[in-house]
Amino acid sequence: MITAGIDIGSLSTKAVITKNRKIIGYAIRRTGMKQEEILSEVFQEAANKANIDKKNIEKIVATGYGRFNVPFADKIYTEITCHAKGALYFFPKTRTIIDIGGQDSKVISLDDSGRLNDFVMNDRCAAGTGRFLEVMSEALDIKLSKFGDYFLKSKKNLRMSSVCTVFAESEVISLIAKKERKEDIIKALCMAISERIIALVGRIETRDEFLLSGGVAKNKGVVYALKEHIKVINIPHEPQITGALGAALLAYEI
Amino acid sequence: MDEKTLSSLMKIPFIYPLELIIRKIYDKPTAIWLKFTFSRFRKAYKKEKPVVWTNAFMAQEFLYGLNTIPIFPEVIAGLYSYLGYGAKLVKTAEMKYSPDICSFYKAGLGMISKDLLPHPDFIVSTSHICNGVVKFFESAARFYNCPFYLINIPYEKNRENIKFVSKRLKDIKKALNLKDDKLNESIYLSNQARKYMDMINSLRKKSPCPIHGNESLGYMLAMYFSSWGSKEGMLFYKALYENLRKRKVKKEKYRILWLHHVRPYYENNIMEILLNKKARVVMDESSYLWDELNENKPYDSMAEKLFSHPYGTAEKRIKIIKKMAEDYNIDGAIHFSQWGCRQSSGSAFFIKEMLKKIGIPMLIINGDVMDERGYEPEQIKTRLEAFIELLEGK
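To start, this report covers the structure provided alongside it.

What counts, and where the lines are drawn
Residues numbered from 1 in each chain as written. Chains lettered and ligands numbered in written order. Predicted model: local features only at pLDDT ≥ 70, side-chain atom pairs only at ≥ 80, totals over all residues. Heavy atoms only, no water. Helix = DSSP H or I, 4+ residues; strand = E, 2+ residues; numbered from the N terminus. Rg over C-alpha atoms; globule rule 2.2 N^0.38 Å. Buried < 20%, exposed > 50% of the residue type's maximum accessible area, 1.4 Å probe, protein only. Contact = heavy atoms within 4.5 Å. Phe/Tyr/Trp six-rings, centres within 6.5 Å; stacked < 30°, edge-to-face > 60°. Lys NZ or Arg CZ within 6 Å of the ring centre and 35° of its normal. Pairing = 2+ DSSP bridges. Buried area = accessible area lost by both parts, 1.4 Å probe. Salt bridge = Lys/Arg side-chain N within 4 Å of Asp/Glu carboxyl O. Polar contact = N/O pair within 3.5 Å; in protein donor to acceptor, adjacent residues only side chain to side chain. Nonpolar A, V, L, I, M, F, W, Y, C, P; charged D, E, K, R; others polar. Axes fitted to C-alpha atoms, helices over the stretch in contact; angles between N-to-C directions. Patch = residues over 30% accessible without salt bridge, like charges linked within 9 Å, V, L, I, M, F, W, Y side chains within 5 Å. Areas by Shrake-Rupley, 256 points an atom, 1.4 Å probe, with all protein chains shown as cover. Lys, Arg positive; Asp, Glu negative; His and termini not counted. Charge placed at Lys NZ, Arg CZ, Asp CG, Glu CD. Core = buried A, V, L, I, M, F, W, Y, C linked by side-chain atoms within 4.5 Å. Disulfide = S-S within 2.5 Å.

As a further point, take the overall build of chain A. The helix and strand inventory of chain A stands at 8 helices and 10 strands. Scaling as 2.2 N^0.38, a compact globule of 254 residues should have a C-alpha radius of gyration of about 18 Å, and chain A matches this with 19 Å. Seen along its three principal axes, the alpha-carbon backbone of chain A occupies a region of about 60 × 40 × 30 Å. A burial count over chain A gives 56% of its 254 residues as buried. Considering only intrachain contacts with a sequence separation of at least 6, the fraction spanning at least 24 residues in chain A is 65%.

The following block contains the structure:
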């Protein structure tokens with residue numbers, strides 16, 4: 001059986017196609033303003049990569065903030081349930097999922113059988129999300145993909161004092177003016193976002209194994225910072241598709 | 001329509017001819033609630049009797065017993081928020097007061113500032129449920145230049161403390177120089193209303209439960225906070241019981257316990273989202289009932305009533321919630337943590353831990369119940385739906 005999962009997030013739209021519960025194709029695109037257009041493009045791209053005709057997809061599940069805008073979805077689940085399902089595909093021993101997306105971050109805990117046990121999401125604050133990093137990347141004029149390299153070259157432990165993304169940006173600019181090295185600033189930023197995530201983790205009962213998902217999982221700087229608190233964190237080869245994958249897997253249960 | 005016009009509308013007796021029409025559109029309990037709310041406003045503006053401002057957790061029987069017209073700013077604030085004026089009132093208060101105060105009191109200060117309420121002749125308030133209410137009434141007393149009588153409720157319920165509160169009530173009566181010849185009647189009416197509320201709570205233990213949070217945390221809560229000891233209160237609970245007894249509803253899949261008595265009063269779809277997912281708010285913390293009042297010892301039993309509700313210490317809250325969760329066969333609990341409300345949010349994690357031990361998951365939602373600017377529909381929807389999915393998986 002062939003199923004599809006669609007995850008429409010605030011920054012990116014993802015589609016995953018599975019056959020007999022295995023991934024056969026996926027696509028990721030920036031969501032933008034033309035949601036409908038992007039949706040059909042992402043869906044088509046995933047189908048192309050899977051080498052199938054969309055007609056052959058038997059069941060479709062939608063998730064993410066835009067889940068209600070997928071007219072052809074058979075069922076809708078929240079991203080919490082979908083991330084849990086997707087995480088177990090990549091790492092079956094996962095019992096805690098940290099998902100850092102474009103505009104929100106969440107921590108999901110599973111019980112022994114891999115069922116949803118508890119979850120917590122960030123409240124009205126961009127500081128623990130991808131948005132924070134995008135803002136900083138622009139302020140520093142350094143690509144997000146380079147954050148890991150810069151982190152490792154840091155020689156000084158600076159500390160960000162602001163908890164707010166907007167104020168932190170001003171702080172970064174003043175640090176640049178004080179001639180602080182970009183390597184040290186980037187490390188401080190990664191540590192700052194990591195601390196907010198760890199605080200979120202602390203609000204519910206969590207245990208090994210940990211999995212990191214969402215677009216920010218691709219940021220090596222953040223991963224290094226998180227690993228200073230959680231020794232072992234599993235990261236899927238494509239962490240952004242965890243939600244859409246979970247949706248596609250849930251489609252088998254309809 | 002602006003809030004000043006609305007306030008003026010509350011002064012005219014338009015509600016009486018409309019009551020018959022209202023009964024056709026709404027059911028009887030709603031009509032009683034509407035009439036009760038507006039007619040008291042009218043009487044208070046006409047100064048037919050002494051007007052007393054008081055808090056939601058007061059022993060209302062005392063004030064009805066003294067033949068006064070109690071006005072409940074907290075309840076009226078909820079009503080104004082329901083009608084879409086929440087943010088406006090809060091913004092007014094934020095020009096002078098700290099934005100971190102609980103928005104119930106910001107709205108209250110906004111109502112005073114815009115002169116939307118009948119003026120009090122005096123103010124009586126208990127220390128329930130927080131410091132904010134005390135400070136609010138102190139401000140109101142200064143503004144209206146009237147006496148303010150505070151009834152401090154000790155944390156522990158024991159003979160000595162009950163006597164302390166009982167004496168305080170008697171002292172206030174003396175200071176006000178009012179006769180309490182209506183007290184027997186108000187105690188009687190309160191007990192009658194209580195009987196019906198008790199029967200309603202028994203219906204709620206059943207499945208399907210005939211009432212959902214949109215009603216129990218709506219006009220039912222408004223009456224709970226304002227009508228014990230009044231004739232309309234008794235009529236309301238009787239009518240509501242008769243209504244619920246005959247009601248036919250679909251069986252719920254998930255039985256939810258709502259924690260902390262508040263939920264957003266402005267337009268929102270929280271209860272709708274839950275019901276769409278076959279989850280019903282069958283019980284809430286604020287529907288807690290005290291022991292029947294003793295007509296022969298009115299002051300002592302009113303004092304004892306003031307110790308009965310869940311708010312006070314975290315230990316007391318946890319104990320009462322645990323029993324509720326068991327008695328009402330609860331599948332999951334939702335705690336609405338109001339911004340700036342420490343006395344309720346403070347114990348939320350402890351309650352969650354306790355419920356976890358008895359196998360009941362709990363969702364904590366943060367938000368502002370009065371100020372619609374504090375509502376994030378998509379975020380709340382995701383949390384509610386994810387919580388139901390969690391219950392589904394259990």
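Residues and elements named next belong to chain B. Taken as a whole and judged by the stated rule, the model has 24 aromatic pairs over all chains. When the centroid spacing of 6.2 Å and the interplanar angle of 40 degrees are considered together, the rings of Tyr196 and Tyr241 count as tilted. In this pair, Tyr196 sits in helix H10 (residues 183-205) while Tyr241 sits in helix H13 (residues 231-246), placing the two residues 45 residues apart along the sequence. Accessibility classification places Tyr196 together with Tyr241 in one group, the buried group. Over the aromatic face of Phe36 sits the side chain of Arg40, whose NZ or CZ is 4.3 Å from the ring centroid.

Before going further, it helps to examine the side chain of Glu215 of chain B. All names here are of chain B. Along the polypeptide, Glu215 turns up in helix H11 (residues 213-216). Glu215 sits in the buried class, given a relative accessible area of 12%. Other than its neighbours up to four places away in sequence, Glu215 contacts Met220, Leu221 and Arg247.

Residue and element names in this part refer to chain B. Burial analysis of strand E7 (residues 332-338) places 7 of its 7 residues in the buried class, which makes it a mostly covered element. Pairing geometry for strand E5 (residues 254-259) and E7, over 4 bridges, is parallel. Residue pairing across strands places Trp258 opposite Ile334, the latter belonging to E7. The pairing of E7 with strand E8 (residues 362-367) spans 6 bridges and is classified as parallel. Among the inter-strand pairings, His335 is bridged to a residue of E8, identified as Ile364.

Next up on the list: the interface of chain B and chain A. Reports of interface size often rely on the accessible area that becomes lost once the parts have come together. Counting from both sides, the interface comprises 21 residues of chain B and, opposite them, 23 residues of chain A. The contact between chain B and chain A buries some 2000 Å² in all, and 46% of this surface belongs to carbon and sulfur atoms. For the chain B face of the interface with chain A, the top three residues by lost area are Thr382, Arg383 and Glu389 of chain B, together amounting to 27%. Where chain B packs against chain A, one counts 3 salt bridges. Between Lys352 of chain B and Asp118 of chain A there is a salt bridge, with its nearest N and O atoms 2.9 Å apart. Applying the counting rule to chain B against chain A returns 6 residue pairs in polar contact (both at pLDDT 80 or more). Of all the secondary-structure elements, those providing two or more residues to the side of chain B that touches chain A are helix H18 (348-357), E8 and helix H19 (377-393) of chain B. Broken down by element, the residue count for the side of chain B that touches chain A peaks at 11 residues, all from H19 of chain B. The class makeup of the residues in the side of chain B that touches chain A is 7 nonpolar, 5 polar and 9 charged.

Enumeration over the complete set of coordinates arrives at 40 salt bridges over all chains. In this structure, Glu304 of chain B engages Lys157 of chain B in a salt bridge whose closest nitrogen and oxygen atoms are separated by 3.5 Å. On the criterion of sequence distance, the pair formed by Glu304 of chain B in helix H15 (residues 298-305) and Lys157 of chain B in the loop between strand E4 (148-151) and helix H9 (159-176) is long-range, its members being 147 residues apart. Lys157 of chain B gets classed as partly exposed once you look at its relative accessible area, which sits at 42%. Shared partners join several salt bridges into a network, and the residues in it are Arg29, Glu41, Glu45 and Lys49 of chain A.

We now examine the sheet that holds strand E9 (residues 210-213) of chain A. Residue and element names in this part refer to chain A. Pairing in this open sheet of 5 strands is mixed, and the strands run E8-E7-E6-E9-E10 from one edge to the other. Because the sheet does not close on itself, it has two edges, and the strands there are strand E8 (116-121) and strand E10 (233-234). Strand contacts of helix H2 (residues 79-90): strand E6 (96-100), strand E7 (105-110), E8 and E9, with the helix running at about 65 degrees to E7, the strand carrying the most contacts. Where helix H6 (residues 182-201) meets the sheet, its contacts fall on E6, E7, E8 and E9, and the angle it forms with E7 comes to roughly 35 degrees.

A surface patch of like charges, here positive, comprises Lys75 of chain A together with Lys250, Lys253 and Lys278 of chain B. The residue Lys278 of chain B is located in the loop between helix H14 (270-276) and strand E6 (279-284) in this model.

Counting 158 residues, the largest nonpolar core has Trp53, Tyr237, Leu274 and Leu355 of chain B as the members making the most contacts within it. Here the element with the most residues in this core is H10 of chain B; it accounts for 8 residues. Non-local contacts of Tyr237 of chain B, meaning those with residues more than four positions away in its chain, are made with Ala193, Tyr196, Met197, Ile200, Met220, Met223, Tyr224, Ser227 and Trp228 of chain B. Ranked by size, the runner-up nonpolar core spans 38 residues in total, among them Ile98, Phe132, Ile185 and Ile233 of chain A.

Right, let's get into the sheet that holds strand E1 (residues 51-54) of chain B. Think of a sheet as strands paired side by side through backbone hydrogen bonds, with each pair either parallel or antiparallel. All names here are of chain B. Spatially, the 4 strands line up as an open sheet ordered E2-E1-E3-E4, and their pairing is parallel. Lying at the two open borders of the sheet, with one neighbouring strand each, are strand E2 (69-71) and E4. For this sheet, the mean angle separating the axes of adjacent strands, direction not counted, is 25 degrees.

Cis rather than trans, the peptide bond between Asp208 of chain A and Glu209 of chain A has omega equal to 0 degrees. The topology assignment puts Glu209 of chain A in the loop between H6 and E9. Going from Ser207 of chain B to Pro208 of chain B, the amide bond is cis rather than trans, its omega being 5 degrees. The residue Pro208 of chain B is located in the loop between H10 and H11 in this model. The backbone of Asn67 of chain B sits at a positive phi, close to 60 degrees, despite the residue not being glycine.

What follows deals with the state of the cysteines. Within the structure shown, the criterion is met by 0 disulfides over all chains. Cys102 of chain B takes part in no disulfide bond, and the closest cysteine sulfur to it belongs to Cys341 of chain B, at a distance of 5.8 Å.

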